[in-house]
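Structural overview for review
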Amino acid sequence: MSYIVSIGKYVGMIGQVFSKPERFKVYYTRTIAEIESIGINSAGIVAILSVFMGAVIALQTASNMDSPLLPKYTIGYITRSSTILEFSPTIISLILAGKVGSNIASEIGTMKVTEQIDALEIMGVNSLSFLVLPKIIAAVFFFPFLIIFSMGLSIMGGYYSVTASGLASHEEFVYGVRAFFKVSDIVYALVKTCVFAFIIVSVSSYYGYYTKGGALDVGRSSTQAVVWSSIVILLANFVLTQLILM
Amino acid sequence: MIEVKNLNKSFGENHVLHDFSAQFEAGKVNLIIGQSGQGKSVLTKCIVGLMEIDSGSVLYNDRDFSNMDRHERKEIRKEIGMLFQGSALFDSMTVEENIMFPLKMFTKMSKKEMLDRANFCLERVNLVGQNKLLPAECSGGMQKRVAIARAISMNPKYLFCDEPNSGLDPSTSILIDNLIQEITYEYNMTTVVITHDMNSVMEIGDHIVFIHNGRKWWQGTKEEIIRTENQEIIDFVYASKFMKSLKGKLA
């Protein structure tokens, strides 16, 4: 029963988030600030994770290729496909759910328990729209760039790991990366990323906004935000894969 | 003037406010006093619309706030300033940005006009030159004064103060009280202050409402409250040994 109530509250929240903003200029400034805060500031962790993720995918693929009939370019092909279709959009989004989601929930949760949200409401500001809409726009706009960045670094990580260890040559790996390439795979990955970005921000904002109590409850909301964002991302991943690829 | 008529508010089985009615006049500092847990903060949140009421009505100069939709309420809220117990300053913004925030959101002032207004408000609360400080760099008293400056930046008709003296030393408390009183008279605002600080009651209370068990128990002036024979008020006003001894001497 409580889940149904929560879903109802979440839908109501989304309705309020997308109501007409009071002042476009203020929202525009906030959106730019959010792009920096939740997008650009996440580039470092995305870069480190992507390089090592790609390196491990390539090495594991190489180590599992027992048959001499399999061409070496398969390593590059599998690294590219796994990275573009699944690892970059989904795993990086799950990591961002942890980093960005907890940050959003604790920021909004702290504003709630320190009455800053009440102060906004008293002034006549639609607090949900003011706080959440710029974050959603920033994430949906910028996360695809982060994921493209991640794809590139991940393939690069794979390339260096197999060429340095002598498991495949430069030509073999690059041929594999370019083999059977479909633009629709990139489109599928970016559509998923936009949906995941929306989920991360909206679910985390929901838990932050409806925080009640004090510091302990802000921490609890932050944890719940990460847990539920991750679960909803995995569910959405399944549904989107069925809808787009099948 | 703000008029509250037969206001009821419950949380599940817990009936917090019972048929509460009161009038808060313009140009006066109206105090709502009572022990902790009697419903003072809930009453204020109901009056300003942060909580929905179960029944009754709240009228701002005869405009029925309780029956308005979100957009109509928004217009009334632009006429309301509120000083929160913990100041509720936006901690990512400087003092100046905090004061300019409502102006940015709801007026078409140029940046220079907004800065002039912010400086005027800061001067009014004796904080000239503190524009660039962050709330975390301000003392408790300074934060309250910045919150008052933000509350008056839009020239509100109604000012609500939720325990403005909590966490402040006695001399800073009196400073804040006097500031609230001065701006109330200066701008002819309807000011409602929630407090359980007897110093505030005696310092600035033009009209006092005593709330007990969610009901309006008594109302009067600060002169009347020290002479009342109402036992609940006597228990509240003369709670400390010092005040009891004072009452003995007065008697």
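For every chain, the first residue of the written sequence is number 1, and numbering continues from 1 along that sequence. Written order determines the labels here, with chains lettered from A and ligands numbered from 1. Two thresholds apply to this predicted model, a pLDDT of at least 70 for residue-level local features and 80 or more for giving and counting side-chain atom pairs, whereas whole-chain, interface and lining totals are computed over all residues.

Comments concerning the overall build of chain B
Formally: Per the convention used, a helix needs a DSSP run of H or I reaching at least four residues, while a strand needs a run of E reaching at least two, with both numbered from the N terminus. With C-alpha atoms as the basis for the radius of gyration, the globule rule is written as 2.2 Å multiplied by the number of residues raised to the power 0.38. Contacts here follow a simple rule: the backbone-placed C-beta atoms of the two residues must lie within 7 Å.
Secondary structure assignment for chain B yields ten helices and ten strands. A compact globule built from 251 residues would reach a C-alpha radius of gyration of about 18 Å, and chain B, at 19 Å, matches this within 12%. Sequence separation of 24 or more characterises 66% of the internal contacts of chain B that already satisfy a separation of 6 or more.

Considerations on the domain arrangement of chain B
All names here are of chain B. Quick reminder of the rule: For the domain bounds, the source is a domain assignment made automatically or taken from a database. By the convention adopted, Pro, Cys, Tyr, Trp, Phe, Met, Ile, Leu, Val and Ala count as nonpolar, Lys, Arg, Asp and Glu as charged, and the other residues, Gly among them, as polar.
Here the domain parsing of chain B yields domain 1 (1-79 + 158-169 + 183-222) and domain 2 (91-155). The gap between the C-alpha centroids of domain 1 and domain 2 is 25 Å. Taken together, the contacts link seven residues of domain 1 with eight residues of domain 2. Residue composition of the side of domain 1 that touches domain 2, grouped by class: five nonpolar, one polar and one charged.

Quick look at the sheet that holds strand E10 (residues 215-220) of chain B
All names here are of chain B. Under the convention used in this document: When DSSP finds two or more bridges between a pair of strands, those strands are recorded as paired. A fitted line through C-alpha atoms serves as each axis, taken over the contacting stretch for helices, and the angle formed by two N-to-C directions is quoted from 0 to 180°.
One open sheet holds the six strands; their spatial order is E6-E7-E8-E3-E9-E10, and the pairing between them is mixed. Looking at strand neighbours, the two that pair on one side only are strand E6 (80-83) and E10, the edges of this open sheet. On average, each strand axis in the sheet is inclined to that of its neighbour by 20°, with strand direction left out of account. Pairing of strand E3 (residues 28-33) with strand E9 (residues 207-212) involves four bridges; the strand directions are parallel. By the bridge assignment, Leu 31 is partnered in E9 with Ile 208.

Topic: the nonpolar core
Our working rule: In these notes, a nonpolar core means any group of buried Ala, Val, Leu, Ile, Met, Phe, Trp, Tyr and Cys residues linked to one another through C-beta atoms within 7 Å. Exposure classes come from backbone-placed C-beta atoms, where a residue is buried if 20 or more other C-beta atoms lie within 10 Å of its own, exposed if 12 or fewer do, and partly exposed in between.
Ranked by size, the top nonpolar core spans 126 residues in total, and within it A:Ala139, A:Ile200, B:Met82 and B:Ala149 carry the most contacts. No other element matches the 16 residues that helix H6 (residues 127-164) of chain A contributes to this core. Composition of this core by domain shows at least three residues from each of domain 1 (1-79 + 158-169 + 183-222) and domain 2 (91-155) of chain B. Not counting residues within four places of it along the chain, the set of residues in contact with A:Ile200 comprises A:Ser93, A:Leu96, A:Ala97, A:Val100, A:Gly101, A:Ala139 and A:Ser229.

Some thoughts on the interface of chain B and chain A
Note: interface size is frequently given as the accessible area lost on complex formation between the parts. The interface of chain B with chain A comprises 15 residues on the first partner and 13 residues on the second. A per-element tally of the side of chain B that touches chain A places helix H3 (residues 95-106) of chain B first, with four residues. In the side of chain B that touches chain A, the residues fall into ten nonpolar, one polar and four charged.

Side note on the confidence of the model for chain B
Residues shown with low pLDDT carry predicted positions that ought not to be read at fine detail. Using the following cut-off: The quantity called pLDDT is the predictor's confidence in a given residue, expressed from 0 to 100.
Chain-level pLDDT for chain B is 89 on average; 99% of the residues reach the 70-or-more range. At the level of chain-chain contacts, confidence expressed as ipTM amounts to 0.87, with global pTM at 0.88.

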